[in-house]
Structure formats: structure tokens, C-alpha cells
Amino acid sequence: MADIDVETVLMGKYPAKAHAKRVVEYIRSKVSDATGVIFLEGRSDHLLEDSDEPVPFRQRRPFMYLTGVDMADCAFIYDIEASKSTLFIPPVDPEGVIWTGLPMSTEEALAKYDVDEVLPTTELNPMLARLGGKNSKATVFAIAERVADSVTFLEFNNTDFSVLAEAIDECRVVKDDYEIALIKKANDISSKAHRAVLEAVRDARNEYELEGVFIGNCMRQGAKKQAYPSIVASGKAAATLHYVHNDKELAGKDLLLLDAGSEWDTYASDITRTFPLSGRFTEKSRAIYEIVLQMQFDCIAMLKAGIWWDDVHVKAHEIAIDGLLSLGILKGDRRDIMEARTSTAFLPHGLGHYLGMDTHDTGGHPNYEDPDPMFRYLRVRRNLPAGSVITVEPGIYFCEFIIRPFLKDPKHSKYIDETVLDGYWDVGGVRIEDNIVITEVGSVNLTTAIKDPDALERIISGH
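This structure is a prediction, so every number in the text was calculated from the model and none was measured.

Quick notes on the rules
- Residues numbered from 1 in each chain as written.
- Predicted model: local features only at pLDDT ≥ 70, side-chain atom pairs only at ≥ 80, totals over all residues.
- Heavy atoms only, no water.
- Axes fitted to C-alpha atoms, helices over the stretch in contact; angles between N-to-C directions.
- Helix = DSSP H or I, 4+ residues; strand = E, 2+ residues; numbered from the N terminus.
- Parallel < 35°, antiparallel > 145°, perpendicular 65-115°, else oblique.
- Contact = heavy atoms within 4.5 Å.
- Nonpolar A, V, L, I, M, F, W, Y, C, P; charged D, E, K, R; others polar.
- Phe/Tyr/Trp six-rings, centres within 6.5 Å; stacked < 30°, edge-to-face > 60°.
- Lys NZ or Arg CZ within 6 Å of the ring centre and 35° of its normal.
- Pairing = 2+ DSSP bridges.
- Left-handed = near helix turned anticlockwise from the far one by under 90°.
- Expected span 1.5 Å × (residues − 1).
- Buried < 20%, exposed > 50% of the residue type's maximum accessible area, 1.4 Å probe, protein only.
- Polar contact = N/O pair within 3.5 Å; in protein donor to acceptor, adjacent residues only side chain to side chain.

Colleague: A description of the packing of helix H8 (residues 177-200) against helix H16 (residues 453-461) should follow, citing residues and the corresponding values.
Modeller: In a packed pair of helices, the relevant descriptors are the angle between the two axes and the axis-to-axis distance. Running from N to C, H8 and H16 cross one another at 60°; their axes reach a closest spacing of 7 Å. Between H8 and H16, the angle is such that the two are oblique. Here H8 contributes Arg195, Leu198 and Glu199 to the contact with H16, which in turn contributes Leu456, Ile459 and Ile460. Split by residue class, the contact of H8 with H16 holds 4 nonpolar, no polar and 2 charged.

Here is the structure:
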């Protein structure tokens, strides 16, 4: 796993048939006598409102999981009894060829994708009719509100629009080698782009310049899409978890938080680094950085198959409390601070989330209604299985909007030294985020972006 040969693995086909079989197994764990077909549609091409320009295409993730096909206007049928997969692609449109060239042929699609048959979409309804007509007990398993009006299930006596989406979401949690290779490829590209940003910092004047460096470097490596909008937050803006502006001047700021990751064949990377714009941490920013780095090291050391993610999240808070006590920002007994949940003023988000085709991938079972503020925004609430990929992204933030109410609440204010705290507002926030594969005996870190504070200073300073 640690030395996976990405390029060799990715020379093969995306393992769509294996995914289909896993999904059928899950469906039969819920519907024991399930038979019939799985039906999925890919996303269609659309135009922007009041424009003849296309909406940027993003394939439906359930369709991608069962086909590996990142093309518009396709459909898919999986015959459960025959274990046969059929991909349907659009027929040639002569007028479309004038503008966009010849589309992929059925022969080319069959050679490229892990399916048993490829037909034009004009054959979709006739095949559904044949499959439904030959078995009176057959069920169409599909996803609600993702079936076009032109598609008919009239020959089927049964339809199920509930279990398929759940089945795919749950199966996506454990990745196979091909999926891990895709995530590692995205990580390798993004890690190099993070390095390029470090090398450009000393000549940059605005956040958007560094965003441009990151995206441009990813594209030069062949990654044309980002997994999510980049967060390029300087100074106090780093305390905003999902800062979106990326347009502020850098002069006079201490740190810059860069949360950015490319995707590769729809699979995401999600990497955050925080570094000093001047090439030298201040005493206070270095202290906070080292606490966050220790949080990440210790949390990653806990990881292996079966670990309860809540426990890892609690560990992050324990280390944050100890670190903030050592600086004098917090005061009092660490157990009392933990019980009061005062540390959520400085670490308001969850420690991490599953990663895959979505940046915040499926299957985590979060509870956003949890009355406990420590766990309310934790996106994974389960034991981590081997083969899952999770982000570990501890942080400490000095967000006045969040912290000021804690200072006015006697439950929390007795544990916060406001005088000491006042010296840290300009730090803004520090987050460090890596992408981790869970194994039976431990974990493998897919992220190689530099995070050692001394190395960060050397690169930014040009040494």
C-alpha cells in the first residue's frame, strides 16, 4: 500500500464490475431475494441560464462508481441474475460532430470501460422491456428523481427507489487499489502544487496570485479540475473555515492557510498547509503551529482498522487543550475544560472526513443535530474500516465571532485568559491536513506536501 505503483495500477480499467457486485451484495443484505436490474443515468449536458455556454460537467457519482464513465448523457443497466453490465452511450449526432467532433464509439467504449456490452441509448428502453418481461419477480433498483421521463419501467412489476443510493454510498467507503491509486495520483499532483506555492510566496502580493499558482501547476501536471474551491486565506481570514474570497492583499499578514486539492479522474485530494508569508514564523504563530502539528501526529498514530473516529477526534481536543494551557490562553483543569467543551471555541470543526469521489465522501453517518458541540460537525461517526480513506485535519483558530460569545459566558470565560488571548488574534488560524488510508495494522499517509516548520521557512526564504 505504501509503495503502490500508481501508474502501473492505473494502466488497467476502473473496476466497475467489482463495484457492481459489491452493490448487489449490499442490496441483498437488505432485500434477501433481490433480482432484476440496477438502473442508473449519468448526468446530462445542460446550458447555463440565459446563455449558450455549457454548465461545467460533473458526473453523477453513483453512475461513475458503477461504470467509470465520465461522459454526459449515458445510462447503465446491470442484470443482477446474469451479472451482466451494459453501458448506453449517445448515438452520433451529425450536427454535434460539426461543433465538437466525433464522440466515442461503442467499440472504443467497450475497450476502455469495465462493462460487458455497450449500446447506443436508443436501445435503452427496448432492453428494459425485454428484461422486465422475462421475469415477473424482477425489480428495477434505481435512484429517486434520477430517472428521465423518457425512460419506462412498464414491463417491471416492482420498482425500488430507496436502497440503491444507500448501497452505493456504503460501498464507496472501502476503496480498492485502483481507487487508492487515483487518490494518491491526485495527492502527488497537489503536493507538488503546494510546493510551487511556497516557492512563489515571496514574490506574491495578493491571495489570488497564489491560487493561480496552485491551479496552474495542477493543470500543467494534467489535473484540469479541482476537487473543491481553493481556500487561500491570509492573516485573520485563516480563522474562517471555508473562506471563499481569495482576493486580499498579503502585506502585513503573518500566516497564509492554503486548503487546496486537485482531482484525478473524479477522485479527490484534500490538503491544507499553513505557513508564514515572511518566511519566518513569529514566536506565537510557531507555538500554535507546533500544537496543531502535534495534534495531527498523535491522531494519525492512533489510526488502524476498527478505531472509533470519535475517540481520535477527542484526542485532538485533548492535545489542543494541553497546548493552549501551556501558552496560558486556557487556564484551569484540563478535564474541566474538556467537560465544558470550551476547546470548541478554538477547534469548532470535526477532525476529518472520508475522501473519495467527493471531497466530503459518503458513508460517514454524521449527526449534525448532536446536542454535544464537540461532535456536531464531525462528519464520520463510525469505526474506520481497512481500505477507507480519511482526512486528518486538526486546527486551532482565533475567530472573534466564535470566541467572543465564549468570553461572555461564565461557563467558559473562567477557563480563558483574555489578556493572553489578545496576543494571538493576528495568528488567524492554523490547519494541517493529510489524506490517510486505513489498514488492518495502521495507516498510510498519501500526502507528501511539506509541513515541517523549518523546511517551510527554508523554502519560502529561498534557502
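Still to come is the rest of the account.
Colleague: Report on the packing of aromatic side chains, specifying residues and quantitative values.
Modeller: Taken as a whole, this structure holds 7 aromatic pairs when the rule is applied. An aromatic cluster of at least three residues, connected via ring pairs, comprises Tyr14, Tyr178 and Tyr267. Across the ring face of Trp264, the terminal group of Lys185 is positioned such that the distance to the ring centre comes to 4.9 Å. The ring of Tyr424 carries the charged tip of Lys284 above its face, separated from the ring centre by 5.6 Å.

Colleague: Give me the sheet that holds strand S16 (residues 443-445): which residues, what numbers.
Modeller: The pairing of strands in a sheet comes from backbone hydrogen bonds and takes either a parallel or an antiparallel form. Spatially, S12-S15-S16 is the arrangement adopted by the 3 strands of the open sheet, whose pairing is antiparallel. The open sheet terminates on both sides in strands that have one partner only, identified here as strand S12 (389-392) and S16. Each neighbouring strand pair of the sheet contributes to a mean axis angle of 35°, computed without reference to strand direction. Judged from the 3 bridges that link them, strand S15 (residues 434-438) and S16 form a sheet pairing that is antiparallel.

Colleague: I'd like to hear about the packing of helix H2 (residues 16-30) against helix H7 (residues 163-171), residue by residue, with values.
Modeller: Between H2 and H7, the least distance of the axes is 9 Å, while the angle of their chain directions is 125°. The orientation of H2 relative to H7 falls into the category oblique. Between H2 and H7 lies a crossing whose hand is right-handed. For the pair H2 and H7, contact is made by Arg22, Val23, Tyr26, Ile27 and Lys30 and by Val163, Leu164, Glu166, Ala167, Ile168, Glu170 and Cys171, respectively. For the contact of H2 with H7, the class distribution of residues is 8 nonpolar, no polar and 4 charged.

Colleague: Can you tell me about helix H11 (residues 309-327), naming the residues and giving the values?
Modeller: When the terminal C-alpha atoms of H11 are compared, their 28 Å separation across 19 residues agrees well with the 27 Å that a helix rising 1.5 Å per residue should span. Turning to H11, its buried residues are Trp309, Asp310, Val312, His313, Ala316, His317, Ile319, Ala320, Ile321, Gly323 and Leu324. Looking at the buried positions of H11, the neighbouring elements they touch are helix H10 (283-301), helix H12 (334-340), S12 and strand S13 (395-397). Following H11 by one or two positions, Gly328 adopts a phi angle in the positive range, close to 85°.

Colleague: Can you explain the pairing of strand S3 (residues 84-89)? Please cite residues and give values.
Modeller: Burial analysis of S3 places 5 of its 6 residues in the buried class, which makes it a mostly covered element. Here strand S2 (residues 75-79) folds back onto S3, and the loop between the two strands holds 4 residues, one of which, Ser83, carries a positive phi near 50°. Sheet topology places S3 next to strand S4 (residues 117-120); 4 bridges connect them, and they run parallel. Bridge pairing in S4 links Leu87 to Val118.

Colleague: Account for helix H9 (residues 207-220), with residues named and values stated.
Modeller: Taking 1.5 Å of rise per residue, 14 residues should cover 20 Å, and H9 covers 20 Å from first to last C-alpha, within 8% of that figure. Regarding H9, the residues found buried are Glu207, Leu210, Phe214, Gly216, Asn217 and Cys218. Its buried side turned inward, H9 meets H8, strand S7 (231-234) and strand S8 (255-260). The N-cap of H9, judged by a side-chain oxygen 3.0 Å from the amide nitrogen of Tyr208 a few residues on, is Asn206. A positive backbone phi angle near 100° is found at Gly222, which sits one or two residues after H9.

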